[in-house]
Amino acid sequence: DTAVSQTPKYLVTQMGNDKSIKCEQNLGHDTMYWYKQDSKKFLKIMFSYNNKELIINETVPNRFSPKSPDKAHLNLHINSLELGDSAVYFCASSPGQSLYNEQFFGPGTRLTVL
Amino acid sequence: ELKVEQNPLFLSMQEGKNYTIYCNYSTTSDRLYWYRQDPGKSLESLFVLLSNGAVKQEGRLMASLDTKARLSTLHITAAVHDLSATYFCGGTSYGKLTFGQGTILTVHP
């Protein structure tokens with residue numbers, strides 16, 4: 001059983017397009033996250049939601065908009081894609097309300113913007 | 001803002017040898033994490049270190065935490081090829097998990 005799943009696994013698109021990445025966790029966790037891993041493997045947090053409420057919103061262009069329809073899902077919508085958005089995006093989740101609990105990561109979505 | 005630095009960034013080891021990866025962090029971190037990432041794969045949690053002096057071991061890997069020195073180490077004993085991966089440490093501050101740059105470990109015969 002997949003604990004944290006993401007779709008799609010690969011996404012290739014043109015500059016200027018709008019795309020979404022979906023994330024679902026079946027661990028019963030309350031907190032979910034989006035991370036970006038660039039070409040140098042540097043991992044940085046983008047957003048965190050706890051029970052559908054935005055908790056962390058890093059300095060991310062407002063072209064990126066997370067949406068959490070329920071605590072098991074956290075989607076990431078990206079408007080007007082740019083070349084610099086090419087990266088691997090990881091979703092993660094952690095139990096409870098504390099943001100310090102161990103995080104479990106999804107398989108990642110490799111986004112390529114042409 | 002918490003900064004986390006790992007060294008070395010690249011580590012080429014012979015099978016059977018021992019080595020240590022170092023993780024320094026800049027301000028108080030509530031917890032320290034070690035993750036492993038295989039090429040093209042997700043991150044797998046290895047260790048969570050909660051307090052000063054914490055030591056955890058799993059197989060050939062042992063992690064420790066010195067909060068006074070703001071240092072965590074990941075010690076590899078008698079390396080085997082299966083340990084080849086990228087290892088990340090991460091610290092938490094104000095609810096955010098901040099990762100180091102990652103250490104790419106290659107174990108060769």
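Quick note: structure is the one above.
Residues numbered from 1 in each chain as written. Chains lettered and ligands numbered in written order. Predicted model: local features only at pLDDT ≥ 70, side-chain atom pairs only at ≥ 80, totals over all residues. Heavy atoms only, no water.

Brief notes about the sheet that holds strand β8 (residues 73–78) of chain A
All names here are of chain A.
Phase 1 of the analysis: As summarised here, the arrangement of the 4 strands in space is β1-β3-β8-β7, forming an open sheet in which the pairing is antiparallel. Of all the strands in the sheet, just β1 (4–7) and β7 (64–70) have a single pairing partner and so form its edges. Adjacent strand axes in the sheet meet at a mean angle of 20 degrees, parallel and antiparallel pairs treated alike.
Phase 2 of the analysis: Note: strand β3 (residues 19–25) against β8, 4 bridges, orientation antiparallel. Bridging from a neighbouring strand, Ser-20 pairs with His-77 of β8. (Pairing = 2+ DSSP bridges. Helix = DSSP H or I, 4+ residues; strand = E, 2+ residues; numbered from the N terminus. Axes fitted to C-alpha atoms, helices over the stretch in contact; angles between N-to-C directions.)

Let's talk about the sheet that holds strand β1 (residues 4–7) of chain B
Two orientations exist for strands paired in a sheet by backbone hydrogen bonds: parallel and antiparallel.
All names here are of chain B.
Phase 1 of the analysis: Strand order in this open sheet of 5 strands is β1-β3-β8-β7-β6, and the pairing throughout is antiparallel. Each of the sheet's edge strands pairs with one partner strand only, and the pair in question is β1 and β6 (55–58). In this sheet, neighbouring strand axes are inclined to one another by 15 degrees on average, regardless of whether the strands run parallel or antiparallel.

Focus on the state of the cysteines
Here, the word disulfide means a covalent bond between the sulfur atoms of two cysteines.
Phase 1 of the analysis: Tallied over the entire structure, the rule returns 2 disulfides over all chains.
Phase 2 of the analysis: Each sulfur of the disulfide joining Cys-23 of chain A and Cys-91 of chain A lies 1.8 Å from the other. Looking down the S-S bond of the Cys-23 of chain A and Cys-91 of chain A bridge, the torsion is -75 degrees, so its handedness is left-handed. Of the two residues, Cys-23 of chain A is situated in strand β3 and Cys-91 of chain A in strand β9 (residues 87–94); the sequence distance between them amounts to 68 residues. Neither residue differs from the other here; Cys-23 of chain A and Cys-91 of chain A are each classed as buried.
Phase 3 of the analysis: Here Cys-23 of chain B connects covalently by a disulfide to Cys-89 of chain B, the sulfurs 2.0 Å from one another. The sign of the 85 degrees torsion about the S-S bond sets the Cys-23 of chain B-Cys-89 of chain B disulfide as right-handed. Here the residue Cys-23 of chain B occupies a position in strand β3 (residues 19–25), and Cys-89 of chain B occupies one in strand β9 (residues 85–93), the gap between them amounting to 66 residues.
Phase 4 of the analysis: Given the relative accessible area of 0%, Cys-89 of chain B is considered buried. (Disulfide = S-S within 2.5 Å. Buried < 20%, exposed > 50% of the residue type's maximum accessible area, 1.4 Å probe, protein only.)

Re the interface of chain A and chain B
Phase 1 of the analysis: The partner chain B presents 20 residues to the 17 residues of chain A that form the contact.
Phase 2 of the analysis: Across the chain A/chain B interface, buried area totals approximately 1,700 Å², and carbon plus sulfur atoms make up 54% of it.
Phase 3 of the analysis: It is Lys-41, Leu-43 and Tyr-100 of chain A in chain A that bury the most area against chain B; as a group they hold 37% of the surface buried on that side.
Phase 4 of the analysis: Across the pair Lys-96 of chain B and Glu-58 of chain A runs a salt bridge, and its minimum N-O distance is 3.0 Å.
Phase 5 of the analysis: If you look at where chain A meets chain B, you find 6 residue pairs in polar contact (both at pLDDT 80 or more).
Phase 6 of the analysis: Within the residue set of the side of chain A that touches chain B, elements represented by two or more residues are β4 (31–37) and β5 (43–50) of chain A.
Phase 7 of the analysis: In terms of residue class, the side of chain A that touches chain B is made up of 10 nonpolar, 4 polar and 3 charged. (Contact = heavy atoms within 4.5 Å. Buried area = accessible area lost by both parts, 1.4 Å probe. Salt bridge = Lys/Arg side-chain N within 4 Å of Asp/Glu carboxyl O. Polar contact = N/O pair within 3.5 Å; in protein donor to acceptor, adjacent residues only side chain to side chain. Nonpolar A, V, L, I, M, F, W, Y, C, P; charged D, E, K, R; others polar.)

Let's talk about the side chain of Asn-75 of chain A
Residue and element names in this part refer to chain A.
Phase 1 of the analysis: As for its placement among the helices and strands, Asn-75 is situated in strand β8.
Phase 2 of the analysis: From its side chain, Asn-75 meets the backbone nitrogen of Cys-23 in a polar contact 3.5 Å long.
Phase 3 of the analysis: For Asn-75, the contacting residues outside a window of four places in its chain are Ile-21, Lys-22, Cys-23, Trp-34, Ser-65, Pro-66, Lys-67 and Pro-69.

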